[in-house]
Amino acid sequence: MRFDKSRTLADQLEYLVPGGAHTYAKGPDQYPEAMAPMIVRGQGAHVWDADGNEYIEYGSGLRSVSLGHAHPVVDQRVVEALGKGCNFARPSVLELEAAERILALVPGAEQIKFCKNGSDATTAAVRLARAVTGRDLVAVCSDHPFFSVDDWFIGSTPMDAGIPRAVRELTIGFPYGDPAALAQLLQEHAGQVAAVMLQPTTAAEPPPGYLEQVRTLCERAGSLLVFDEMITGFRWDKGGAQTRYGITPDLSTFGKAMGNGFAISALLGKREFMRVGGLDTAGERVFLLSTTHGAESVGLAAACAVADVYDSEPVIETLAARGARLAAGVREVADRWGIADHLQVQGHDANLVFVTRDPDGVPSQDYRTMFMQQLLLGGVLAPSFVVSAALADADIDRTVEVVDAASQVYARALSEGVSGYLVGRPVKPTLRRYV
Ligand SMILES: Cc1ncc(COP(=O)(O)O)c(C=O)c1O
């Protein structure tokens with residue numbers, strides 16, 4: 001298997017684009033050295049790189065492509081929209097159709113505003129919550145890795161260069177699954193917290209009663225509860241985790257799979273809060289999401305098509321079934337090679353990640369690199385094991401075969417040391433202070 005063309009193109013891209021990829025999570029530092037494929041095309045759950053290598057792909061489009069690449073229903077609606085122009089002096093009727101379709105999927109929400117990236121939506125939620133409550137602090141779940149590219153969140157990560165201290169001090173963190181810790185935080189900052197933002201869960205299930213307790217704590221503290229459903233939306237349930245668990249947040253944010261890879265995201269919420277960003281308010285107006293491309297037709301058409309597919313096909317069940325098959329296969333293989341304490345699959349079946357641990361059981365980037373190397377060489381492109389509904393059982397079974405072969409190498413590396421099995425430098429965490 002050769003990566004020559006990808007390597008040349010990746011070098012050229014890095015010369016022109018800082019970080020060698022628009023999104024840091026797609027960067028060459030996230031892949032084994034000189035084995036970072038440059039993608040030419042995708043179809044369903046498969047992608048092809050510049051050298052002609054074909055891969056079964058996981059985590060497609062940073063989890064956005066839940067139906068698979070070039071999905072016929074989505075593409076057809078998008079092509080129809082393209083033929084009619086995409087941005088006008090007044091809203092297109094597609095904005096109304098998309099609003100109705102998405103709100104119908106999420107029964108707890110009454111109004112919606114579209115945008116392009118998930119960060120637009122989470123940042124808008126923060127501004128709206130601050131305006132509604134007249135408070136400055138935002139509490140975010142510190143066990144969840146990402147909420148926004150904007151200062152209010154990036155200032156709380158190790159990569160906070162360029163963000164004023166005054167902004168950084170306005171975001172505070174709380175651990176997931178610990179209502180007492182959140183209660184204490186809200187008490188310590190009584191009357192100051194505008195919003196409590198978290199993903200409803202990143203694991204298979206939230207701890208029993210946890211989301212209910214968070215809901216109650218927010219009500220008592222007068223803080224708006226914001227569920228970030230960028231990942232759980234269209235994976236846990238077509239109405240998101242809030243629908244799955246029956247907890248209604250004040251605001252919620254959707255993106256990623258909502259457009260099956262096309263650029264569309266949204267802020268949803270209760271009318272009493274969302275209306276403050278509209279014309280139906282007696283108080284001071286809030287500048288809530290108003291951008292040139294926020295409601296262009298292609299993204300809206302994609303979202304309508306995604307809603308159609310989720311309404312007419314058992315996508316949620318398919319994602320869960322594919323994930324369950326993969327998780328069971330990988331666990332069986334890891335067990336058989338005696339590395340079950342070192343190679344682990346975790347998370348909801350529709351959102352699986354793998355954890356690679358060294359001989360001491362400590363999560364290891366070296367072992368992650370070695371494992372990804374083996375996957376790539378076997379034709380599996382997998383920064384995670386996040387499935388799409390386009391994966392066939394045969395794709396999953398082939399992936400498990402590749403993991404089987406990789407596990408044999410893993411077992412050897414555990415006894416002999418991993419360095420002899422690495423082709424180059426190890427991968428590194430995405431959000432780090434220094435290169
Ligand atoms: C949970 C979560 N929230 C928000 C975002 C930001 O979304 P975007 O990259 O579309 O701005 C991400 C991106 O990965 C995410 O995973």
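The structure presented is a predicted model; accordingly, all values stated were derived computationally and were not measured.

**Q** Explain the overall build of the chain to me, please; I cannot follow it from the model alone.
**A** If you tally the helices and strands in the chain, you get 14 helices and 13 strands. Its C-alpha radius of gyration of 22 Å places the chain within 12% of the 22 Å reference for a compact globule of 435 residues. Split into buried and exposed, the 435 residues of the chain put 51% on the buried side. Taking the contacts inside the chain whose residues are at least 6 apart along the sequence as the reference set, 72% of them involve residues at least 24 apart. Per element, the accessible surface of the chain, about 19200 Å² overall, is 52% carbon and sulfur. Once the 39 positive and 52 negative side-chain charges of the chain are each reduced to a mean point, those two points are 3 Å apart.

**Q** Which parts of the structure should I look at to understand the site of the ligand?
**A** Taken together, Asn 117, Gly 118, Ser 119, Phe 146, Phe 147, Gln 199, Asp 228, Met 230, Ile 231 and Lys 256 form the complete shell of residues around the ligand. In the environment of the ligand, an oxygen atom lies 2.7 Å from a nitrogen or oxygen atom belonging to the backbone of Gly 118. Interatomic distance of 2.9 Å between a side-chain N/O atom of Lys 256 and an oxygen atom of the ligand. When the free accessible area of the ligand is taken as 390 Å², the share hidden by the protein chains comes to 80%. Residue classes in the shell around the ligand are distributed as four nonpolar, four polar and two charged.

**Q** Sorry if this is basic, but what is going on with the sheet that holds strand 10 (residues 265-269) here?
**A** For sheets, the rule is that strands pair by backbone hydrogen bonds, running either parallel or antiparallel. Strand order across the open sheet formed by seven strands is 4-10-9-8-7-5-6, with mixed pairing between neighbours. Where the open sheet ends on each side, the last strands, each with one partner, are strand 4 (111-115) and strand 6 (171-174). In this sheet, adjacent strand axes meet at a mean angle of 20 degrees when their direction is disregarded. As defined by bridge partners, strand 9 (residues 251-254) adjoins strand 10 across four bridges and the pair is classed as antiparallel. Note that in strand 10 the partner of Leu 251 across the bridge is Gly 269. Along the sheet face, helix 4 (residues 118-133) touches strand 4, strand 5 (137-141), strand 7 (193-198), strand 8 (224-228), strand 9 and strand 10 and points at about 150 degrees away from the line of strand 7.

**Q** I keep staring at the side chain of Arg 432 and nothing clicks. Help me out?
**A** As for its position among the elements, Arg 432 is in the segment after helix 14 (393-416). Since its relative accessible area comes to 17%, Arg 432 is described here as buried. Among the polar contacts listed, one links the side chain of Arg 432 to the backbone oxygen of Tyr 434, at a separation of 3.2 Å. Those residues in contact with Arg 432 that lie beyond four places of it in its chain are Asp 29, Gln 30 and Met 159.

**Q** What exactly am I supposed to notice about the pattern of salt bridges here?
**A** Oppositely charged side chains are able to pair whenever their charged atoms sit close together. Throughout the structure, instances matching the rule amount to 20 salt bridges. The partner of Arg 325 in a salt bridge is Asp 397, and the shortest N-O contact between them spans 3.0 Å. Here the residue Arg 325 occupies a position in helix 12 (residues 315-336), and Asp 397 occupies one in helix 14, the gap between them amounting to 72 residues. Between Asp 404 and Arg 336 there is a salt bridge, and its shortest N-O distance comes to 3.4 Å. One end of the pair, Asp 404, is in helix 14; the other, Arg 336, is in helix 12, with 68 residues separating them in the sequence. On the basis of relative accessibility, which here comes to 46%, the residue Arg 336 falls in the partly exposed class.

**Q** Would you explain empty space enclosed by the protein in this entry?
**A** A probe matching the size of a water molecule, rolled over the atoms, marks out where space remains unfilled. Applying the stated criterion across every chain yields a total of one cavity of 30 Å³ or more. Taken together, Tyr 31, Met 372, Leu 375, Leu 376, Val 380, Leu 381 and Ala 382 make up the full set of residues lining the largest cavity. Elements with a minimum of two residues in the lining of the largest cavity: helix 13 (365-377) and strand 13 (380-381). The greatest single-element share of the lining of the largest cavity, amounting to three residues, is contributed by helix 13. Of the residues in the lining of the largest cavity, the class split is seven nonpolar, no polar and no charged.

**Q** What am I meant to see in the packing of helix 2 (residues 72-82) against helix 11 (residues 297-312) here?
**A** Each pair of packed helices can be summarised by the angle the axes make with each other and by the distance between the axes. Two elements in contact, helix 2 and helix 11, have axes whose closest approach is 8 Å; the angle formed by their N-to-C orientations is 150 degrees. What the angle tells us is that helix 2 and helix 11 run roughly antiparallel. Relative to helix 11, helix 2 is oriented so that their crossing is right-handed. Every residue of helix 11 that contacts helix 2 at Val 73, Val 74, Arg 77, Val 78, Ala 81 and Leu 82 is listed here: Ser 297, Val 298, Ala 301, Ala 302, Cys 304, Ala 305, Val 306, Asp 308 and Val 309. Class assignment for the residues of the contact of helix 2 with helix 11 results in 12 nonpolar, one polar and two charged.

**Q** It is not clear to me how the packing of aromatic side chains should be interpreted in this structure. Could you clarify?
**A** To describe a pair of aromatic rings, one takes the distance between the centres and the angle between the planes. In this structure the tally under the stated criterion is 12 aromatic pairs. A ring pair is formed by Tyr 176 and Tyr 210, whose centres lie 4.8 Å apart and whose planes are at 65 degrees; its orientation type is edge-to-face. With Tyr 176 in the loop between strand 6 and helix 7 (179-188) and Tyr 210 in helix 8 (residues 210-221), this residue pair connects regions lying 34 residues apart in the sequence. Connected via pairs of aromatic rings, a cluster forms that spans Tyr 58, Phe 354, Tyr 367, Phe 371, Phe 385 and Tyr 410. Taking the ring centre of Trp 48 as reference, the NZ or CZ of Arg 41 above it sits at 3.9 Å.

**Q** I tried to follow the side chain of His 144 on my own but got confused; where do I start?
**A** Within the element layout of this structure, His 144 appears in the loop between strand 5 and helix 5 (151-154). Within the local environment of His 144, its side chain forms a polar contact with the backbone nitrogen of Gln 199, the two atoms lying 3.1 Å apart. Apart from the residues lying within four places of it in its own chain, the contact partners of His 144 are Tyr 176, Leu 198, Gln 199 and Thr 202.

**Q** What is the right way to read helix 13 from this model?
**A** Since the α-helix turns once every 3.6 residues, residues separated by three or four places project in the same direction. Taking 1.5 Å of rise per residue, 13 residues should cover 18 Å, and helix 13 covers 18 Å from first to last C-alpha, within 8% of that figure. Buried residues in helix 13 make contact with strand 3 (54-57), strand 11 (343-346), strand 12 (353-356), strand 13 and helix 14. The N-terminus of helix 13 is capped by Ser 364, whose side-chain oxygen sits 3.2 Å from the backbone nitrogen of Asp 366. Of the residues one or two after helix 13, Gly 379 is the one with positive phi, at around 85 degrees.

Here is what the cut-offs are and how they apply
- Residues numbered from 1 in each chain as written.
- Predicted model: local features only at pLDDT ≥ 70, side-chain atom pairs only at ≥ 80, totals over all residues.
- Heavy atoms only, no water.
- Helix = DSSP H or I, 4+ residues; strand = E, 2+ residues; numbered from the N terminus.
- Rg over C-alpha atoms; globule rule 2.2 N^0.38 Å.
- Buried < 20%, exposed > 50% of the residue type's maximum accessible area, 1.4 Å probe, protein only.
- Contact = heavy atoms within 4.5 Å.
- Areas by Shrake-Rupley, 256 points an atom, 1.4 Å probe, with all protein chains shown as cover.
- Lys, Arg positive; Asp, Glu negative; His and termini not counted.
- Charge placed at Lys NZ, Arg CZ, Asp CG, Glu CD.
- Near = heavy atom within 4 Å.
- Polar contact = N/O pair within 3.5 Å; in protein donor to acceptor, adjacent residues only side chain to side chain.
- Nonpolar A, V, L, I, M, F, W, Y, C, P; charged D, E, K, R; others polar.
- Pairing = 2+ DSSP bridges.
- Axes fitted to C-alpha atoms, helices over the stretch in contact; angles between N-to-C directions.
- Salt bridge = Lys/Arg side-chain N within 4 Å of Asp/Glu carboxyl O.
- 1 Å grid on protein atoms, 1.4 Å probe; cavity = no way out; pocket = protein on both sides within 12 Å on 5 of 7 lines; lining within 4 Å.
- Points joined across faces, edges and corners; volume = space filled by probe spheres on them.
- Parallel < 35°, antiparallel > 145°, perpendicular 65-115°, else oblique.
- Left-handed = near helix turned anticlockwise from the far one by under 90°.
- Phe/Tyr/Trp six-rings, centres within 6.5 Å; stacked < 30°, edge-to-face > 60°.
- Lys NZ or Arg CZ within 6 Å of the ring centre and 35° of its normal.
- Expected span 1.5 Å × (residues − 1).

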